[in-house]
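Fold and geometry: a report
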Amino acid sequence: MATDRDSVLEAAVSVLSRRPTAHLDEIARAAGISRATLHRIFPGREALIREVGALGLRKFAAALDSAAIESGDTQSALRRLVDAVVPDAALCAFLAGENQLYDDPEINELWEIQDARVRALFLRGQKEGAFRIELSAGWLSEAFFDLVAGVGWAVQDGRLAPRDGAHSLVELFLGGALRRPDQS
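This is a predicted model, so every value here is computed, not measured.

1. Quick look at the packing of helix α4 (residues 45–67) against helix α5 (residues 74–85)
Running from N to C, α4 and α5 point in directions that differ by 140°, and their axes come no closer than 8 Å. It follows that α4 is oblique to α5 by the angle criterion. Between α4 and α5 lies a crossing of right-handed hand. Facing α4, whose interface residues are F60, A63, L64, S66 and A67, α5 presents R80, L81, A84 and V85.

And the structure:
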């Protein structure tokens with residue numbers, strides 16, 4: 001029986017996003033394979049972590065592309081982004097919690113490209129008067145990503161229904177990020 005690399009990565013995400021220090025035995029068990037098989041697919045923990053991180057960044061890039069955040073009004077663009085990224089919120093939770101990824105220059109470069117796109121969305125929204133100007137676009141981007149990760153953790157732990165993830169995220173975020181008419 002052939003082992004599907006993607007299903008092993010999905011199992012790794014489900015384990016590592018909640019328990020970053022989980023042993024490879026736990027990941028192999030979650031994937032329904034032996035540790036030896038896991039090692040044939042990924043030569044070690046570092047390779048597995050890097051591959052899961054790269055998968056997360058690829059999916060986040062795809063979400064940015066499908067949401068077309070550079071076009072339309074910024075609130076609608078943000079809602080499209082939420083709808084596109086929430087299905088992979090567990091990957092965002094993994095990215096938020098895995099310190100080892102920050103040692104990889106290639107991963108950091110990919111992250112910077114994507115983060116720049118999200119910062120540009122918030123900066124555009126600030127210039128349009130949609131988003132609060134006293135909060136930096138960099139901070140809004142960071143907070144947004146962390147809220148996506150929070151949705152991933154809450155869904156995994158059963159504190160949030162998967163179908164409520166996008167609505168909960170966008171309402172909480174926009175409720176705090178929208179500029180109020182009485183603010184100058």
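After that view, the rundown keeps rolling.
2. Considerations on α5
Side chains three or four residues apart in an α-helix point the same way, a direct result of the helix having 3.6 residues per turn. The first and last C-alpha atoms of α5 sit 16 Å apart over 12 residues, in line with the 16 Å expected at 1.5 Å per residue. Of the residues that open α5, the one with a side-chain oxygen 3.2 Å from the backbone nitrogen of Q75 is D73.

3. Section: the confidence of the model for the protein
Per-residue pLDDT for the protein averages 90, and the proportion of residues at 70 or more is 95%. For the protein, per-element mean pLDDT is lowest for helix α9 (residues 165–177), which scores 87, and highest for α5, which scores 96.

4. Remarks on the side chain of T74
Within the secondary structure, T74 is located in helix α5. We classify T74 as buried; its relative accessible area is 1%. Residues within four places of T74 in sequence aside, it is in contact with L121, R124, G125, E128, A130 and F131.

5. Comments concerning the nonpolar core
In terms of nonpolar packing, the biggest core is built from 58 residues, with F122 and F144 touching the most fellow members. Of all the elements, α4 adds the most residues to this core, at 10 residues. F144 has contacts with L78, L81, V82, V85, V118, F122, L169 and F173, leaving out every residue within four places of it along the chain.

6. Side note on the UniProt feature "DNA-binding region" (unreviewed entry) in the protein
The positions UniProt marks with the feature "DNA-binding region" (unreviewed entry) are residues 23–42. Split by type, residues 23–42 is 75% helix and 0% strand. Its first and last C-alpha atoms lie 14 Å apart.

7. Topic: the pattern of salt bridges
On inspection of all chains with the given rule, the structure shows 17 salt bridges. R35 is the partner of D25 in a salt bridge, and the nearest nitrogen-oxygen pair spans 3.2 Å. In this pair, D25 sits in helix α2 (residues 24–31) while R35 sits in helix α3 (residues 35–41), placing the two residues 10 residues apart along the sequence. Overall, the relative accessible area of 37% leaves R35 in the partly exposed class. E112 serves as the salt-bridge partner of R119, at 3.9 Å between the closest nitrogen and oxygen. Within the structure, one salt-bridge network assembled from shared partners comprises R5, E51 and R58.

8. A short note on α4
In this model α4 runs 33 Å from its N-terminal to its C-terminal C-alpha over 23 residues, within 8% of the 33 Å that 1.5 Å per residue would give. Buried residues in α4 make contact with α1 (5–16), α2, α5, α6 (89–97), α7 (105–128) and α8 (137–156).

9. Structural notes on the packing of α1 against α2
Any two packed helices are characterised by the angle at which their axes cross and by the distance between the axes. For the pair α1 and α2, the least separation of the axes is 8 Å and the interaxial angle reads 125°. Between α1 and α2, the angle falls in the class oblique. In this structure, α1 crosses over α2, and the sense of that crossing is right-handed. Between α1 and α2, the residues in contact are V8, A11, A12, V15 and L16 and E26, I27, A30 and A31, respectively. Tallied by class, the residues present in the contact of α1 with α2 amount to 8 nonpolar, no polar and 1 charged.

Reading the values: rules and limits
Residues numbered from 1 in each chain as written. Predicted model: local features only at pLDDT ≥ 70, side-chain atom pairs only at ≥ 80, totals over all residues. Heavy atoms only, no water. Axes fitted to C-alpha atoms, helices over the stretch in contact; angles between N-to-C directions. Helix = DSSP H or I, 4+ residues; strand = E, 2+ residues; numbered from the N terminus. Parallel < 35°, antiparallel > 145°, perpendicular 65-115°, else oblique. Left-handed = near helix turned anticlockwise from the far one by under 90°. Contact = heavy atoms within 4.5 Å. Expected span 1.5 Å × (residues − 1). Polar contact = N/O pair within 3.5 Å; in protein donor to acceptor, adjacent residues only side chain to side chain. pLDDT = per-residue confidence, 0-100. Buried < 20%, exposed > 50% of the residue type's maximum accessible area, 1.4 Å probe, protein only. Core = buried A, V, L, I, M, F, W, Y, C linked by side-chain atoms within 4.5 Å. UniProt positions renumbered as here; feature names shortened; annotations may be inferred. Salt bridge = Lys/Arg side-chain N within 4 Å of Asp/Glu carboxyl O. Nonpolar A, V, L, I, M, F, W, Y, C, P; charged D, E, K, R; others polar.

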